[in-house]
Amino acid sequence: MENMQQETYEIATMLRSELELAIDWAAREGWNPGLHDAECFHAADPHGFLIGLLNDEPVATISAVRYGDSFGFIGLYIVRPEYRGKGYGKQVWLAAMKYLDGRNIGLDGVVEQQDNYRRSGFRLAYRNVRYEGQGAAAAAGYSGEFVGLAELPFEVVEAYDRGFFPEPRPEFLRSWINQPGCTALGILRDGRLAGCGVLRRCRSGYKIGPLYADSPALAESLLQRLRAAVGSGESFYLDVPEVNRAAVELAERHGMKVVFETARMYTGADPALSLDRLYGVTTFELG
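Since this is a predicted model, take the numbers as computed values, not measurements.

**Student:** Even after reading the chapter, I still don't get the packing of aromatic side chains, so can you show me in this structure?
**Tutor:** Aromatic ring pairs are described here by two measures, namely the spacing of the ring centres and the angle between the planes. In this structure the tally under the stated criterion is 17 aromatic pairs. With a centroid separation of 6.5 Å and an interplanar angle of 10°, the aromatic rings of Phe 41 and Trp 176 are classed as stacked. Pair noted here: Phe 41 is in helix 2 (residues 37-44) and Trp 176 is in helix 6 (residues 170-177), with a separation of 135 residues, a long-range link. For the residue pair Phe 41 and Trp 176, the accessibility class agrees, reading buried in each case. One aromatic cluster in this structure is built from Tyr 67, Phe 71, Phe 73, Phe 165 and Tyr 266. Lying across the ring of Tyr 99, Arg 66 places its NZ or CZ 3.8 Å from the centre.

And the structure:
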């Protein structure tokens, strides 16, 4: 009689190398991660990335990142296609929810999973829409005093980010604006930071995120400047909260086309964010 191997399924905190694997899986799902996302994500919460191991083989991943004392964000929820429908994803999901227990939890849910998230206690806040555009040979029609975010005192950048995120995220933010090859710009008005944006290289093209601005005109200036850094003929992507009509109009005015959407959902009350000044989400995976 043949020996039958007993199935063992373990959920563990990811090693740093396993986070690279999760990013590769995200790329296969068509989510187009950034080239340096793994290192930036890990900085946010080194314990906030879980992996499901079936007989020591990775079959499921999820991120459950803690921010401050009251907020968490779920992303990178992926089960390898051949292991879907067998309960492995559910178990890693429950472990992530347990890790974030007691917090208001946010996520950006893909369309086909939104009913499942509702059953887990998430409510729809608004849609985020991914727009694709093309780089420009040169920036035109922008005004304002631009400065590299890394050149500013970090506390200035962090304080500005607080208007757009429920809790401080200094470790992530420091890594995000200093990642290799990115263009991280602020725009100054009367000597103070009045907008900022980060352009990073992705598996395909570039993404702009975040894109914050105190007025539609400043958002226009930042987009033009960052679009010029992409270069003519290359694609870039901007994830726009649909509730900000000025952000939608900005994308459409530049001939950008909708290619993807998610639902921003929370388990608790909607955080008090400056959505009217939020023109581009930082990342669907970490908020």
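Back to the write-up after that little detour.
**Student:** Help me out: how do you make sense of the pairing of strand 9 (residues 192-201) in this one?
**Tutor:** Looking along a regular strand, one sees the side chains alternate between the two faces of the sheet. Most of strand 9 sits out of view: eight of its 10 residues are buried. In this structure, strand 8 (residues 183-189) lies alongside strand 9, joined through seven bridges in antiparallel fashion. Bridge pairing in strand 9 places Leu 188 opposite Leu 193. Summarising the sheet, strand 9 and strand 10 (residues 206-213) pair through six bridges and their orientation is antiparallel.

**Student:** Quick question: what am I supposed to make of the domain arrangement of the chain here?
**Tutor:** Along its sequence, the chain is carved into domain 1 (9-127) and domain 2 (130-280). Put simply, the middle of domain 1 and the middle of domain 2, counted by C-alpha atoms, are 24 Å apart. In this assembly, 40 residues from domain 1 lie in contact with 36 residues from domain 2. It is Asn 32, Tyr 126 and Arg 127 in domain 1 that bury the most area against domain 2; as a group they hold 23% of the surface buried on that side. Applying the counting criterion to the domain 1 and domain 2 interface returns six salt bridges. Where domain 1 meets domain 2, there are 23 residue pairs in polar contact (both at pLDDT 80 or more). Among the secondary structure elements, those contributing two or more residues to the side of domain 1 that touches domain 2 are helix 1 (16-28), helix 2, strand 4 (71-79), strand 5 (104-109), helix 4 (114-119) and strand 6 (123-134).

What counts, and at which threshold
Residues numbered from 1 in each chain as written. Predicted model: local features only at pLDDT ≥ 70, side-chain atom pairs only at ≥ 80, totals over all residues. Heavy atoms only, no water. Phe/Tyr/Trp six-rings, centres within 6.5 Å; stacked < 30°, edge-to-face > 60°. Helix = DSSP H or I, 4+ residues; strand = E, 2+ residues; numbered from the N terminus. Buried < 20%, exposed > 50% of the residue type's maximum accessible area, 1.4 Å probe, protein only. Lys NZ or Arg CZ within 6 Å of the ring centre and 35° of its normal. Pairing = 2+ DSSP bridges. Domains from an automatic or database assignment. Contact = heavy atoms within 4.5 Å. Buried area = accessible area lost by both parts, 1.4 Å probe. Salt bridge = Lys/Arg side-chain N within 4 Å of Asp/Glu carboxyl O. Polar contact = N/O pair within 3.5 Å; in protein donor to acceptor, adjacent residues only side chain to side chain.

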